[in-house]
Structure formats: C-alpha cells, structure tokens
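A look at the structure
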Amino acid sequence: MTDVDPENAKLITLARSVRARNGAEEGAAVRDLDGRTYNASTVSLPSLKLTALQAAVAAAVSSGAEGLEAAAVVSEANRVDGESLAAVRDLTPTGPVLLANTSGELRKQF
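Residues numbered from 1 in each chain as written. Predicted model: local features only at pLDDT ≥ 70, side-chain atom pairs only at ≥ 80, totals over all residues. Heavy atoms only, no water.

Taking an unreviewed UniProt entry as the reference, the chain is identified by name as Cytidine deaminase belonging to Lentzea waywayandensis.

1. Digging into the environment of Gly 95
Of note, Gly 95 is situated in the loop between helix H3 (82–89) and strand S6 (97–100). The class for Gly 95 is buried, based on a relative accessible area of 6%. Each C-alpha atom, one on Gly 95 and one on Phe 110, is 8.5 Å from the other, the two residues being 15 residues apart in sequence. Those residues within four positions of Gly 95 in sequence are excluded, and the remaining contacts are Glu 69, Arg 89 and Phe 110. (Helix = DSSP H or I, 4+ residues; strand = E, 2+ residues; numbered from the N terminus. Buried < 20%, exposed > 50% of the residue type's maximum accessible area, 1.4 Å probe, protein only. Contact = heavy atoms within 4.5 Å.)

2. Some details on helix H1 (residues 6–22)
Here H1 is 17 residues long and its end C-alpha atoms lie 25 Å apart, about the 24 Å a rise of 1.5 Å per residue gives. By the burial criterion, the buried members of H1 are Asn 8, Ala 9, Leu 11, Ile 12, Ala 15, Val 18 and Arg 19. On the buried face of H1, the contacting elements are strand S1 (26–32), strand S2 (37–41), strand S5 (68–75) and S6. Capping of H1 at its N-terminal end is provided by Asp 5; its side-chain oxygen lies 2.8 Å from the backbone amide nitrogen of Glu 7. One or two residues past the end of H1 sits Gly 23, with phi positive at roughly 60 degrees. (Expected span 1.5 Å × (residues − 1). Polar contact = N/O pair within 3.5 Å; in protein donor to acceptor, adjacent residues only side chain to side chain.)

3. As for the side chain of Ser 84
Topologically, Ser 84 is positioned in helix H3. Owing to a relative accessible area of 1%, Ser 84 belongs among the buried residues under this scheme. When sequence neighbours within four positions are dropped, the list of residues in contact with Ser 84 reads Thr 51, Leu 53 and Gln 54.

4. Quick notes on the sheet that holds S6
With mixed pairing, the five strands of this open sheet are ordered in space as S2-S1-S5-S6-S7. Of all strands in the sheet, those with a lone pairing partner are S2 and strand S7 (106–109), marking the two edges. Averaged over all adjacent pairs, the angle separating strand axes in this sheet is 20 degrees, with direction ignored. Examined bridge by bridge, S1 and S2 share five bridges and lie antiparallel to one another. (Pairing = 2+ DSSP bridges. Axes fitted to C-alpha atoms, helices over the stretch in contact; angles between N-to-C directions.)

Below is the structure:
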C-alpha cells in the first residue's frame, strides 16, 4: 500500500480482515473523529441488504460517531457504489474513501 497514510492503511487492513473472516463480497472500515474504528462486511439477508461501507457507517453512527475522518472498502469491484459513498458523505463531505483490491492494494480514492 504505497502512498497511503499509515492510519488509512490500517483501515484497509481492517476491511481486508473482516471480508476474509466472514467470506463476504466486501469488507469496509471507517474511522470517526475521535479515532475509533468500525468495520463490517456485506450484509445480505432476505429482509436486509447493506454494502459493507453502509454497514460500517451504521455501526459508527449507532455508537455515537458524529463524523468520519476516512473510510476504506476492500472489494473485487472497480468502484464504490453511489449509495455507499452517500452514506460516508452524510458524515464527512471531504474525507477520503479508499478502494482497495483483495490484496490490499489501493485502486482509487474518492
């Protein structure tokens, strides 16, 4: 993970870990304004569907986070969907959203 801030590299590591642990399509991690991190994987239930990033944002908000510093998604996809980005942007208009492949290599930053 060259050219990635060490704190943001930790988010990618957390996202990779939760994705692997749960055998999920995606893993995501976010860091709130107090430096606390939250991670989650894709949720795919008959009655509830969340991307990993939406689930991580929901975990942060339900724990009292009022804003985010950064977010990371690990996926085989080449993009982060608009609804997931919107969830992050609800809490930070400019914080980086990193997209990494399953090996942890940064693909894009939004």
